[in-house]
Amino acid sequence: MSAPSPAKPRGSRVACSLRTSDGANGIFSVYPGTESKTLDHKDEIKWDKTPTGPVVQGVFTIIGEMGMTGQVIVVKQEQWKALADAKLEKFFFGAILWDKSPFKVIEDAQLILKRGK
């Protein structure tokens with residue numbers, strides 16, 4: 001019996017878009033690491049104008065060898081704020097790339113913040 005093959009990420013990167021309350025739009029990508037369930041790096045956010053308000057929406061999709069995979073994840077302001085405040089963004093991106101539940105990470109972030117109050 002042979003050893004199981006190492007897990008592979010669902011795509012070559014996560015394409016990310018953020019929109020703020022003042023209408024600024026930012027884009028960046030997050031790349032999987034070479035080891036299972038790791039991240040290599042996250043690009044700096046490129047804004048079309050300097051944001052002055054909070055993020056009100058985030059949109060994320062996996063880009064594979066053939067383009068978009070078809071799944072689009074939309075995150076609302078409260079969800080993104082919870083991820084950022086709990087410092088769980090990297091786990092959110094890891095969940096997307098490595099076929100886990102990104103919404104479970106959001107729930108965990110909200111729970112962490114709720115317990116901290």
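Residues numbered from 1 in each chain as written. Predicted model: local features only at pLDDT ≥ 70, side-chain atom pairs only at ≥ 80, totals over all residues. Heavy atoms only, no water.

Peer 1: Would you take a moment to explain helix H3 (residues 102-116) for this structure?
Peer 2: Note: α-helices contain 3.6 residues per turn, so residues at a spacing of three or four share the same orientation. Taking 1.5 Å per residue as the helical rise, H3 with its 15 residues ought to reach 21 Å, and the 21 Å between its terminal C-alpha atoms agrees with that figure. Looking only at H3, the buried set comprises Pro102, Val105, Ile106 and Ala109. In a view along the axis of H3, the buried residues occupy a sector of 105°, so they form one face of it. Turned more than 90 degrees away from the buried face of H3, the exposed residues are Lys114 and Arg115. Structurally, H3 contributes buried residues whose contacts are with strand E6 (67-76), helix H1 (77-85) and helix H2 (89-97). (Helix = DSSP H or I, 4+ residues; strand = E, 2+ residues; numbered from the N terminus. Expected span 1.5 Å × (residues − 1). Buried < 20%, exposed > 50% of the residue type's maximum accessible area, 1.4 Å probe, protein only. Arc of directions from axis to C-beta. Contact = heavy atoms within 4.5 Å.)

Peer 1: Would you take a moment to explain the packing of aromatic side chains for this structure?
Peer 2: Each aromatic ring pair is described using two quantities: the centre-to-centre distance and the angle formed by the ring planes. Scanning all chains against the criterion turns up six aromatic pairs. Ring geometry for Phe60 against Trp80: centres 5.8 Å apart, planes inclined by 25°, an arrangement best described as stacked. You can see Phe60 sitting in strand E5 (residues 55-64) and its partner Trp80 sitting in helix H1, a full 20 residues away along the chain. Relative to Phe93, the ring of Trp80 lies with its centre 6.5 Å away and its plane at 55°, an arrangement referred to as tilted. Remark: Phe93 occurs in helix H2 and Trp80 occurs in helix H1; sequence separation between them is 13 residues. On the basis of relative accessibility, which here comes to 11%, the residue Trp80 falls in the buried class. Overall, the relative accessible area of 3% leaves Phe93 in the buried class. One aromatic cluster in this structure is built from Phe28, Phe60, Trp80, Phe92 and Phe93. (Phe/Tyr/Trp six-rings, centres within 6.5 Å; stacked < 30°, edge-to-face > 60°.)

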